[in-house]
Amino acid sequence: MNSSVELQRYKKLVMIAGGASVATAILFIIIKLVVWIISSSTVIFASLTDSIFDLLASLVNLLALKFSLAPPDKEHRFGHHKSQALASLAQAAFIGGSSVLLVVHGIERCIHPQGVLYLDLAIIVSVISIVITVLLVLLQTYVYRLTRSEAISADRLHYLSDVTLNVGVLLALALSYYGYLWADGLFASLIGLFIMKGAYVIGFRAVQTLLDKSLGRNSIKKIINAIHSVGDVKSIHDLKTHRAGPMVYIQGHLVLDGNMDLFKAHDIVDEIEKRIRIDFPDAEIILHMEPDTQSTYEDVVFFDSAEDKTE
């Protein structure tokens, strides 16, 4: 981060969001367990199962957030930020497992439909779940916009899917009320499939981070424009970028006049870094200077235009 103040703010925000996620999951488990025991609804059981896996995922997420905030040490010079991606991968596994369980249980209930007891109570719980989940997602969205934390993003995505889950629960309960008993099992299976899709998205994003995926096209354009805005830079090649937690890593080779004074070349690079930090204040930037000679241009891939199509 740019300063200790910003780092402390980042820590505070992500830990608040992580703690709120755990507290919400615990509350849901208690409420839904009581209602499922009373009503015997399959969709309430589906929602309860999802909340249990939510709690496991949120606990892993909270631990990973705490670990990722540890400063760099002798063995981890770049810090521990990628632990957030590992937590997201664990979330994907938890959520994927719960989705399979829901699909199987829903199919069984479709084959052997049963009436739902205490429908009014089950509906009230579903409405309460939607309201609380929406509030949590709003908090996570706010924190993500300020921190760009991957763990918070993954947590937000699966709680956002919970909103859809609870809407599905409401529809199933309403149909059951009017005598369509098969709706209970059908919606449980559909919810399971929907959650499975969310698990795939979370897992895919986590893997991309662990594989050091480059920043998006718009970010690359900003970096290239910042470099080209400073005079005396002939070209840039081997531009590489990636993100890990709150940190952005940028490195590249700048081609300068080979007869340029070393102090002037150093000043140029300093100015480029300042301009890049306008859009990426927390970036760790490494720019290598090379002379404008024929050997410099051999076996390199150039990214000299803001029209670069890098995704």
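Residues numbered from 1 in each chain as written. Predicted model: local features only at pLDDT ≥ 70, side-chain atom pairs only at ≥ 80, totals over all residues. Heavy atoms only, no water.

Undergrad: Please provide a residue-by-residue account of helix α7 (residues 217–228), values included.
TA: Its 12 residues place the ends of α7 16 Å apart at the C-alpha level, agreeing with the 16 Å of an ideal helix rising 1.5 Å per residue. Its buried side turned inward, α7 meets β1 (235–244), β2 (247–256) and α8 (262–279). (Helix = DSSP H or I, 4+ residues; strand = E, 2+ residues; numbered from the N terminus. Expected span 1.5 Å × (residues − 1). Contact = heavy atoms within 4.5 Å.)

Undergrad: Can you break down the sheet that holds β1 residue by residue, with the values?
TA: Ordered by their spatial adjacency, three strands build an open sheet running β1-β2-β3, and the pairing between neighbours is mixed. Every interior strand has two partners, whereas the edge strands, β1 and β3 (283–291), have only one. Averaged over all adjacent pairs, the angle separating strand axes in this sheet is 10°, with direction ignored. In the sheet, β2 pairs with β3 via nine bridges, with the strands oriented parallel. Bridge assignment links Leu256 to a residue of β3, and that residue is Pro291. Against the sheet, α7 touches β1 and β2, its axis set at about 140° to β1. Helix-sheet contacts for α8 involve β2 and β3, and the interaxial angle to β3 is about 145°. (Pairing = 2+ DSSP bridges. Axes fitted to C-alpha atoms, helices over the stretch in contact; angles between N-to-C directions.)

Undergrad: Run through the packing of aromatic side chains, naming residues and quoting values.
TA: Both the distance between ring centres and the angle between the ring planes are used here to describe each pair of aromatic rings. Tallied over the entire structure, the rule returns one aromatic pair. Geometrically, the ring pair formed by Tyr200 and Phe204 is stacked, given 6.1 Å between the ring centres and 25° between the ring planes. Pair noted here: Tyr200 and Phe204 are both in helix α6 (residues 182–210), with a separation of four residues, about one helical turn. Look at Phe204 and you get partly exposed, because its relative accessible area is 42%. (Phe/Tyr/Trp six-rings, centres within 6.5 Å; stacked < 30°, edge-to-face > 60°. Buried < 20%, exposed > 50% of the residue type's maximum accessible area, 1.4 Å probe, protein only.)

Undergrad: How would you sum up the nonpolar core? Please name residues and give values.
TA: Counting 24 residues, the largest nonpolar core has Ile223, Ile227, Ile250, Leu254, Ile272, Ile276 and Phe280 as the members making the most contacts within it. Counting only elements with at least two residues in this core, the list comes to α7, β1, β2, α8 and β3. If we skip the residues at most four places from it in the chain, Phe280 touches Leu215, Ser219, Lys222, Ile223, Val248 and Ile250. If you look at the next biggest cluster of nonpolar residues, it comprises 17 residues, including Ile44, Ile95, Val169 and Ala199. (Core = buried A, V, L, I, M, F, W, Y, C linked by side-chain atoms within 4.5 Å.)

Undergrad: Account for the packing of α7 against α8, naming residues and giving values.
TA: Look at α7 against α8: their axes get within 9 Å of each other, and the N-to-C directions meet at 150°. Classified by the interaxial angle, the pair formed by α7 and α8 is roughly antiparallel. Between α7 and α8 lies a crossing of right-handed hand. Across the interface between the two elements, Lys222, Ile223, Ala226 and Ile227 from α7 touch Ile272, Arg275, Ile276 and Asp279 from α8. The residue makeup of the contact of α7 with α8, split by class, is five nonpolar, no polar and three charged. (Parallel < 35°, antiparallel > 145°, perpendicular 65-115°, else oblique. Left-handed = near helix turned anticlockwise from the far one by under 90°. Nonpolar A, V, L, I, M, F, W, Y, C, P; charged D, E, K, R; others polar.)

Undergrad: An account of a nonpolar patch on the surface is requested, with residue identities and associated values reported.
TA: On the surface, Val100, Val104, Tyr177, Tyr178, Tyr180, Trp182, Leu186, Leu190, Leu193 and Met196 cluster together into a nonpolar patch covering about 1,000 Å² of accessible area. Those elements that provide at least two residues to the nonpolar patch are α3 (83–111) and α6. Considering every element that reaches the nonpolar patch, the biggest residue donor is α6, with five residues. One can find Tyr180 in the loop between α5 (150–177) and α6. The exposure class of Tyr180 is partly exposed, given its relative accessible area of 42%. (Patch = residues over 30% accessible without salt bridge, like charges linked within 9 Å, V, L, I, M, F, W, Y side chains within 5 Å. Areas by Shrake-Rupley, 256 points an atom, 1.4 Å probe, with all protein chains shown as cover. Salt bridge = Lys/Arg side-chain N within 4 Å of Asp/Glu carboxyl O.)

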